[in-house]
Amino acid sequence: IIGRLAYDAVLVPMDDDTVIWAPCFYGGLLKSDDWMESWSNVFMDSSDTTIDFDDYSHRFFSFTADTSKSPPVLWAGTASGVYRSQDGGIVWEEFDKADGLTGNWIVALNISYTDSGSILWASTRKALGEDEYDGVSYKWEGDTIWHHLNDTLIVWNFGFCEDYFL
């Protein structure tokens, strides 16, 4: 199907099973809980039932999960911001430029773990807003605000080592 190119694939342990999540540009957020025998679209707004190619919240580019929590906290990056689910993907909460992200187009997400808790990292790009810009935004576990690294930093992905943190 055109546009269902997955930009990421993340295996997330959920209870006694594994769920595979795949963010797709023009294809939505795909989910398989039967080892890719079937896929279903996950919509951030429960009133949505089909993919709307003009809706930037249906354009997914990144996904990560904080597996230190039970159930894991899920994070999905779109062209309109970041979504978080704390209940396995049923209810989603949106974060965007108005909440402190540097830009609404989220090209990469990852979690780092510290002795103080987890940190969500988001690589952002300017989408449509005049006040958006490329950068790196991060959010400490339980924090209500987003922080930023150098505002001219452009990052395409994140990798972390357990024994090292800046």
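1. Some words on the overall build of the protein chain
Helix and strand counts for the protein chain come out as zero helices and 12 strands. In the protein chain, the succession of helices and strands from N to C terminus is β-β-β-β-β-β-β-β-β-β-β-β. Expressed along its principal axes, the backbone C-alpha trace of the protein chain runs to roughly 40 × 40 × 25 Å. Each of the 166 residues in the protein chain was classed as buried or not, and the buried ones make up 46%. Considering only contacts in the protein chain between residues 6 or more positions apart, those separated by 24 or more positions represent 40%. When the accessible surface of the protein chain is summed, it comes to about 9000 Å², and 52% of that surface belongs to carbon and sulfur atoms.

2. Some thoughts on the environment of Thr49
Along the chain, Thr49 turns up in the loop between strand S4 (40–42) and strand S5 (60–66). As a C-alpha pair, Thr49 and Gly117 span 68 residues in sequence and 36 Å in three-dimensional space.

3. Quick notes on the sheet that holds strand S12 (residues 147–148)
In a beta sheet, neighbouring strands are held together by backbone hydrogen bonds and run either parallel or antiparallel to one another. With antiparallel pairing, four strands are arranged side by side in an open sheet as S9-S10-S11-S12. Two strands close off the open sheet at either side, each with one partner strand: strand S9 (105–114) and S12. The sheet contact formed by strand S11 (residues 135–140) and S12 spans two bridges and is antiparallel. Each bridged residue has a counterpart across the sheet, and for Tyr138 the counterpart in S12 is His147.

4. Thoughts on the pattern of salt bridges
Going through the model one piece at a time under the given rule, you end up with three salt bridges. A salt bridge links Lys69 to Asp66, with the shortest nitrogen-to-oxygen separation between them at 3.9 Å. Given a relative accessible area of 5%, Asp66 falls into the buried group. Residue Arg84 is joined to Glu93 by a salt bridge in which the shortest nitrogen-to-oxygen separation is 2.4 Å. For Glu93, a relative accessible area of 35% translates into the label partly exposed. Salt bridges sharing partners connect three or more residues here, namely Asp66, Lys69 and Glu141.

5. Considering the nonpolar core
By size, the foremost hydrophobic cluster in this structure holds 15 residues, and its most contacted members are Val12, Trp21, Leu29, Met44, Phe63, Leu74 and Trp92. In contact with Leu74, not counting residues within four places along its chain, are Val12, Trp21, Phe63, Thr64, Ala65, Tyr83, Arg84, Ser85, Gly88, Gly89 and Trp92. Listed in part, the 11 residues of the second largest apolar core include Trp75, Phe95, Ile106 and Leu120.

6. Remarks on the sheet that holds strand S7 (residues 82–85)
Taken in spatial order, the four strands line up as S5-S6-S7-S8 in an open sheet, and their pairing is antiparallel. Because the sheet does not close on itself, it has two edges, and the strands there are S5 and strand S8 (93–95). The average undirected angle you get between the axes of adjacent strands in this sheet is 20°.

7. Digging into the pairing of strand S6 (residues 73–78)
The element S6 is largely enclosed, with a buried count of six among its six residues. What you see with S6 is no split at all: Val73, Trp75 and Gly77 on one side and Leu74, Ala76 and Thr78 on the other are buried throughout. Pairing analysis gives six bridges linking S5 to S6, with the strands arranged antiparallel. Among the inter-strand pairings, Thr64 is bridged to a residue of S6, identified as Trp75. Linkage of S5 to S6, two consecutive antiparallel strands, is achieved through a turn of six residues. Both S6 and S7 contribute to a ladder of four bridges, which runs antiparallel. The partner of Leu74 across the bridge, within S7, is Ser85.

Cut-offs used in this document
Residues numbered from 1 in each chain as written. Predicted model: local features only at pLDDT ≥ 70, side-chain atom pairs only at ≥ 80, totals over all residues. Heavy atoms only, no water. Helix = DSSP H or I, 4+ residues; strand = E, 2+ residues; numbered from the N terminus. Buried < 20%, exposed > 50% of the residue type's maximum accessible area, 1.4 Å probe, protein only. Contact = heavy atoms within 4.5 Å. Areas by Shrake-Rupley, 256 points an atom, 1.4 Å probe, with all protein chains shown as cover. Pairing = 2+ DSSP bridges. Salt bridge = Lys/Arg side-chain N within 4 Å of Asp/Glu carboxyl O. Core = buried A, V, L, I, M, F, W, Y, C linked by side-chain atoms within 4.5 Å. Axes fitted to C-alpha atoms, helices over the stretch in contact; angles between N-to-C directions.

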